[in-house]
Each structure stands twice: as C-alpha cells, then as structure tokens.
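Fold and contact review
These are the residues of each chain, in order.
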Amino acid sequence: MNLNTKNLSSGFSGGFIPFARPDIGKEEEEAALRVLRSGWLTTGAEAKAFEEEFARYVGASHALAVNSATAGLHLALEAAGVESGGRVITSPYTFAATAEVVRYLGAEPLFVDVEPGTFHIDPSGVEKALKACGTRGCAEGRVGALVPVHIAGQVCRMESLTAIARRWGIPVVEDAAHSFPSRTASGFAGTLGDMGVYSFYATKTITTGEGGMVVTNNEAAAKRISLMRLHGIDREIWNRYTERGASWKYAVVEAGFKYNMTDLAAAIGRVQLRRAGEFLAKRQAIAAKYRAAFADKDYIELPPDGEGHALHLFIIRLVESRLTLGRDEFIDRLAEKGVGTSVHFIPLHIHPYWQKRGGYKPEDFPHALDAYRRAISLPIYPAMTEEETQRVIEAVIAAAEAGYTGP
Ligand SMILES: Cc1ncc(COP(=O)(O)O)c(C=O)c1O
C-alpha cells in the first residue's frame, strides 16, 4: 500500500522514483473508452469475459470478479462457512484486509506467527493452534478456515498447509492479493487451496484501479459467492435492462453484498491480464539487478528467491548488527535521495484495534515483529526504467555505507 505519488522531480536529478506506478498503455485507454461509449458501465459482458479469461489463465473452474480483494476474502470466508463466534487461522504479518473480513463475519482471527526468515505462516504453528483449538471448538470457538498469505508473491508452504487443513477438515482460502501470477509445480498460487483471492489494486501486479477475483474449483462455493456478491439475488440480473420479456423479475433470497466489478474495471483488467507475462519479465529483470548489486552486502538480507515468484514486492531486511542506523532512518535517507519505499507490513497485532481486541503484546509474535522492524520494500514495477533501478541501488548502498559498522 502507501502508493507514493509525490512528484518531487525538482529536487532530484532524474526525478522522484515513486514506490509504485501502474503501467497503463494505449490498449487500456482504448478498452476503457470502448466501455464508456458502449452505454453499459456496470457489470456486464466485459466482466464475464474477464472472468472466463482469468479462470483459463490460472486453470480454475470458476473465477468471480469483485470490486476488491477485501470483498473477495469476505465472500470466500462466508462461502467457507465461517460462523459468528468462530475462528480463522492466519498470520499477523499481513494487511488489514485479511483479518478485518473475519470480524465482518463476527468471527475472530487466530494469529499464528511467521517462520523466521520468511514472511509466511509457520505450518507447525498452525498444527499447534489446531491441536489447542480444533474444528470442534475450544473456549475461543470453532476454527472455520485457514488463510495463508503469499506475501510479496512468494508462495507459502502450501503442501504442508493444505495437508494439515485436510487432516483437520478445514477449508483453505488463499490470500493471493500479492501473488498473481505466482506458480508452483502444482499450479498457480490461489488455486492450491479451496479458494483463492487476488487483488487488482493500483499497485498490484495487474490492476483495474480497484478490483479483485475469487477462484475456486468448488461449484457450491462459486454459486454462493455469485449469489452473495450482488445483493443475494437469485439470478444474474446484470442484463435485465436489455433483455426482452419478464427480465425485471428477481427474488432476494439472502442479505447479500454489493461487491460486483464494473465493466470499466474489467475491460482494463482484460488488457492487463494479456500483458501479465510482459510485466513479470520486467519485474524479474529488476529483481535480478537488485540481487546482483546486493549479493555481497552483509548489511542486507535479500528476500527468499522462490521459483515462480510474482515479485509484487521486493522486501529487503536490514542486518541491524552491521548498521548504526535503524530502518526508519534508512527510509528517510532513501527519500532524501528521491527513492520512494514502503514497509510491508506493520504486523496486525501491534495496531491499536487488534491490541485492544486481542490484548496482544508486540513480542507475542516475535518473528513477525523482527521481520517488520527490519523490512523495507524497494520500488519494483514494469514502468521503472533501468536508470531508476540503478539509482535505487546506489541510494541503498550510499544510505547503508554512511552507517556501516563493518563485518
Ligand atoms: C495481503 C493483502 N490482502 C488483501 C489485500 C486487500 O486488497 P484490496 O485492496 O484489493 O481489497 C491487500 C491489499 O493490499 C493485501 O496486501
């Protein structure tokens, strides 16, 4: 998050390098114009086509377009049967959305710490949490779902996680907001559990401005999500103004939500989907440059270099024992040199709402806290030039070497 749109070009040679910048070209502009001129702005043929194309791309039976990943996570957990008073296992090392949707349903997150060295939920911690509070419930309620979050586009240890969830009979909803198009030998991230939810927010690997997609091979879940994303109405009504006959009739069978994707967003998404390979190649080239430049820098811990990584984010971690300056000061130094950055993430358990709700102390999840204290997300996006990449590298090295304590 924290899209930095400050234009400070006057103060830096070469201009300010924002943390993120979408790559929107002529084709996206033409697609948006086509919709604007069509007379149909809301959910319609473009959204349908985007769903079909997305489902084919990731190899899922169903794809359901929604207006954000937050909406998609809410719908997926509702379809998974998460109940009021229940629990959902996830990691505190994530964005607000992952856990807030659990509260929408009247349930509570059951946080499990990340593995040291990764940003990902620890399968052994999940097993332990399930033993302490199984699906039949404990004092805190029944566990209704497991939500692994593929931070930065790196895929979680899904084989272990899905095996544990299967053993306990709990559905897995992947928070794949960062991970299109991350892939493993078993398939795309987002298709490895029971449901997967992608984000098309403005900084993501493909964007519709705001938007998301839920994928699943489970027909019943797809039907439920389709029903609930548009007011709990029992049939598709998007074409009711153009159909002939009794098309005005519909029945509300549930108290649903208003989470549908517009055709305007979908038309942009269809173009971005076609460009996903090109975008990924550009991200890979930037990541390769960062890795080569920082390989021998003992004050930087590089992110895990997993196969099939979507490279939504490039999160370095500072090695505190090698530096006299802390993470926040490091970020200030980069900003002074015209480099925008962000931090992914401020763990949820140290935010005021969750501290109050769960009574957490920062050290309750020591690995999440450690990752947060040292993390800096560097700019990585297809619209970044080679010159900008080089400037980021030079700014990182200059910031570190001014406060380097030596080996
Ligand atoms: C891990 C994670 N999950 C979910 C979301 C929510 O995505 P959206 O903004 O599309 O609702 C985000 C957004 O950045 C995220 O980082």
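Refer to the structure printed above.
These figures come from a predicted structure and were not determined experimentally. (Residues numbered from 1 in each chain as written. Predicted model: local features only at pLDDT ≥ 70, side-chain atom pairs only at ≥ 80, totals over all residues. Heavy atoms only, no water.)

**Quick notes on the environment of S68**
What counts, and what does not: Only DSSP runs of H or I reaching four residues or more are called helices, and only runs of E reaching two or more are called strands; each is numbered from the N terminus. Burial classes: relative accessible area under 20% of the type maximum marks a residue as buried, over 50% as exposed, and values in between as partly exposed (1.4 Å probe, protein chains only). Polar contact criterion, stated in full: a pair of N or O atoms within 3.5 Å, where within protein one must be able to donate a hydrogen and the other to accept it, and residues adjacent in sequence count only if both atoms are side-chain atoms.
Mapping S68 onto the fold places it in the loop between β1 (62-66) and α3 (69-79). In this structure S68 comes out as buried when scored by relative accessible area, which is 17%. Between the alpha carbons of S68 and P407 there is a distance of 46 Å; along the sequence they are 339 residues apart. At a separation of 3.3 Å, a polar atom in the side chain of S68 contacts the main-chain amide nitrogen of T70. In terms of polar contacts, S68 uses its side chain to reach the backbone amide nitrogen of A71, at 2.9 Å.

**Observations concerning the sheet that holds strand β11 (residues 314-318)**
Each strand in a sheet pairs with another by means of backbone hydrogen bonds, the pair being arranged parallel or else antiparallel. Rules: For two strands to be treated as a pair, DSSP must find at least two bridges joining them. Any two residues whose heavy atoms approach within 4.5 Å are treated as being in contact. In this description, a line fitted to the C-alpha atoms serves as the axis of each element, helices being fitted only across the stretch in contact, and the angle between N-to-C directions of two axes falls anywhere from 0 to 180 degrees.
In spatial order, the strands read β10-β11-β12; together these three strands make up an open sheet with antiparallel pairing. Looking at which strands have only one partner, the edges of the open sheet turn out to be β10 (300-301) and β12 (375-378). Two strands pair when backbone bridges link them, and β10 and β11 are joined in this way by two bridges, in the antiparallel orientation. Residue pairing in the sheet places I300 in a bridge with L318 of β11. Each of β11 and β12 is contacted by helix α10 (residues 327-336), which is oriented at about 25° to β12, the strand it contacts most.

**What about the site of the ligand?**
Short version of the rule: We call a residue near a molecule or strand as soon as one heavy atom of that residue lies within 4 Å of the molecule or strand. Using a 1.4 Å probe, accessible areas were evaluated by the Shrake-Rupley method; residue-level cover was limited to the displayed protein chains. Under the convention adopted here, Pro, Cys and the residues Ala, Val, Leu, Ile, Met, Phe, Trp and Tyr are nonpolar, Asp, Glu, Lys and Arg are charged, and Gly plus all remaining residues are polar.
Close to the ligand lie 17 residues; T70, D175, H178, S199 and K204 are nearest. The separation between a nitrogen atom of the ligand and a polar side-chain atom of D175 is 2.7 Å. Take S199: an N or O atom from its side chain is 2.7 Å from an oxygen atom of the ligand. Contact with the protein chains removes 97% of the 390 Å² of surface that the ligand exposes when unbound. Among the elements of the structure, α3 and α4 (96-104) are those that each provide at least two residues to the shell around the ligand. For the shell around the ligand, the class distribution of residues is eight nonpolar, seven polar and two charged.

**So, unusual backbone geometry**
Here the amide bond leading from F180 into P181 is cis, since omega sits at 5°, within 30 degrees of zero. Here P181 is to be found in the loop between β5 (173-175) and β6 (183-184). The phi angle at H231 is positive, at roughly 65°, despite the residue not being glycine. With respect to the element layout, H231 can be found in the loop between α7 (219-228) and α8 (263-274). Non-glycine residue L311 carries a positive phi angle of around 55°. Residue position: L311 is located in the loop between β10 and β11.

**Regarding helix α5 (residues 123-132)**
Listed in full, the buried residues belonging to α5 are P123, G125, V126, E127, A129 and L130. Those residues of α5 hidden inside the fold are in contact with β2 (87-90), β3 (108-111), β4 (143-147) and α6 (158-168).

**Observations concerning the pairing of β11**
In terms of burial, β11 is largely enclosed, as five of its five residues are buried. Neither face of β11 is open: one carries F314, I316 and L318, the other I315 and R317, and all of them are buried. Where β11 lies against β12, four bridges are found, and the strand directions are antiparallel. Paired with I316 across the strands is I376, a residue of β12.

**As for empty space enclosed by the protein**
Quick reminder of the rule: Using a grid of 1 Å spacing that covers the protein atoms alone, one calls a set of points a cavity when a 1.4 Å probe fits there but cannot get out, and a pocket when the set is open and has protein on both sides within 12 Å along at least five of seven lines; lining residues are those with an atom within 4 Å of a point. Grid points are joined across faces, edges and corners, and a volume is the space filled by probe spheres set on the points. Just so you know, the domain bounds were taken from an automatic or database domain assignment.
Across all of its chains, the model carries four cavities of 30 Å³ or more by this definition. The computed volume of the largest cavity comes to approximately 90 Å³. Taken together, 15 residues make up the lining of the largest cavity; nearest its centre are R21, P22, D23, K204 and R283. Here the lining of the largest cavity is composed, by residue class, of seven nonpolar, four polar and four charged. A domain split of the lining of the largest cavity shows at least three residues from each of domain 1 (9-20 + 276-341 + 379-401) and domain 2 (26-274).

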